[in-house]
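Here is what each chain is made of, one letter per residue.
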Amino acid sequence: QVQLAESGGGSVQAGGSLRLSCAASGYIARSACMAWFRQAPGKEREAVAFIYTRSGGAFYADSVQGRFTIAQDNTKNTVSLQMNSLKPDDTAMYYCAASPSALCPSRVDGYNLWGQGTQVTVSS
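Everything numeric in this text was worked out from a predicted model, so none of it was measured.

**Observations regarding the side chain of Thr118**
Structurally, Thr118 is set in strand β11 (residues 118–123). On the accessibility criterion, Thr118 (9% relative accessible area) is buried. Within the structure, Thr118 has its side chain in polar contact with the backbone nitrogen of Gly9 (distance 3.1 Å). Every residue in contact with Thr118, bar those within four places of it in the chain, is listed here: Glu6, Ser7, Gly8, Gly9, Leu20, Ala92, Met93 and Tyr94.

In structure tokens, the structure reads:
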């Protein structure tokens, strides 16, 4: 089964950009849905973006629509999250997750595989 590992986090000024990557040991297509979640201190983990691996379609949370882009590269076994126009409210630990469900669940318990997380800090 695939194992996930995030990278690309760091500190950036508001308005800047970061690109997160999620590396999988297997083919991304073996999971029907790949997702990025984030969790800020004291808050629940929330879904940011989904990608339907077998169709290529994507869905975004309202809070990041127009600023973030999720993509997959099956040749490299990676899923990326390009984050532009970052805001301080985007500060969180970001997690990559995989689900066998083609419905792309919004609940965290719908995902059976997670990365360790990568920290994103946006300063004013």
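Having put the structure on the table, let's press on.
**A few points about the nonpolar core**
Core analysis: the largest hydrophobic core is formed by 28 residues, its most contacted members being Trp36, Leu81, Met83 and Tyr94. Elements that contribute at least two residues to this core include exactly β3 (18–24), β4 (33–39), β5 (46–52), β7 (68–73), β8 (78–83), β9 (92–99) and β11. Contact partners of Tyr94, with chain neighbours within four places excluded, come to Glu6, Leu20, Trp36, Phe37, Arg38, Val48, Phe68, Leu81, Met83, Gly117, Thr118 and Val120. Grouped together as the second largest cluster of nonpolar side chains are eight residues, Cys33, Ala35, Phe37 and Ala97 included.

**Structural notes on the environment of Ser101**
Here Ser101 lies in the loop between β9 and β10 (113–114). Remark: the alpha-carbon pair of Ser101 and Arg19, spanning 82 residues in sequence, is separated by 26 Å. Those residues within four positions of Ser101 in sequence are excluded, and the remaining contacts are Ala32 and Cys33. At 3.1 Å, the side chain of Ser101 forms a polar contact with the backbone nitrogen of Leu103.

**Here we look at the pattern of salt bridges**
Within this structure, the stated rule accounts for four salt bridges. Between Arg38 and Glu46 there is a salt bridge whose closest N-O contact spans 2.9 Å. For Arg38, a relative accessible area of 6% gives the class buried. Under the relative-accessibility criterion, Glu46 is labelled partly exposed at 37%. In this structure, Arg67 and Asp90 form a salt bridge, with 2.8 Å as the shortest nitrogen-oxygen distance. Of the two residues, Arg67 is situated in the loop between β6 (58–60) and β7 and Asp90 in the loop between β8 and β9; the sequence distance between them amounts to 23 residues. Linked through salt bridges whose partners overlap, the residues forming this network are Arg38, Glu46, Arg67 and Asp90.

**Points about the state of the cysteines**
Considering all chains together, one arrives at two disulfides under this definition. Between Cys22 and Cys96 runs a disulfide, and the two sulfur atoms are separated by 2.1 Å. In this structure the cystine formed by Cys22 and Cys96 twists about its S-S bond by roughly -80 degrees; its chirality is therefore left-handed. Linking Cys22 in strand β3 with Cys96 in strand β9, this pair joins segments that are 74 residues apart in sequence. On the accessibility criterion, Cys96 (0% relative accessible area) is buried.

**Looking at the pairing of β3**
Taken across its seven residues, β3 has five buried, putting it largely inside the fold. Pairing analysis gives four bridges linking strand β1 (residues 4–7) to β3, with the strands arranged antiparallel. Its bridge partner lying in β3, Glu6 is registered against Cys22. Sheet topology places β3 next to β8; six bridges connect them, and they run antiparallel.

Reading the values: the criteria
Residues numbered from 1 in each chain as written. Predicted model: local features only at pLDDT ≥ 70, side-chain atom pairs only at ≥ 80, totals over all residues. Heavy atoms only, no water. Helix = DSSP H or I, 4+ residues; strand = E, 2+ residues; numbered from the N terminus. Buried < 20%, exposed > 50% of the residue type's maximum accessible area, 1.4 Å probe, protein only. Polar contact = N/O pair within 3.5 Å; in protein donor to acceptor, adjacent residues only side chain to side chain. Contact = heavy atoms within 4.5 Å. Core = buried A, V, L, I, M, F, W, Y, C linked by side-chain atoms within 4.5 Å. Salt bridge = Lys/Arg side-chain N within 4 Å of Asp/Glu carboxyl O. Disulfide = S-S within 2.5 Å. Pairing = 2+ DSSP bridges.

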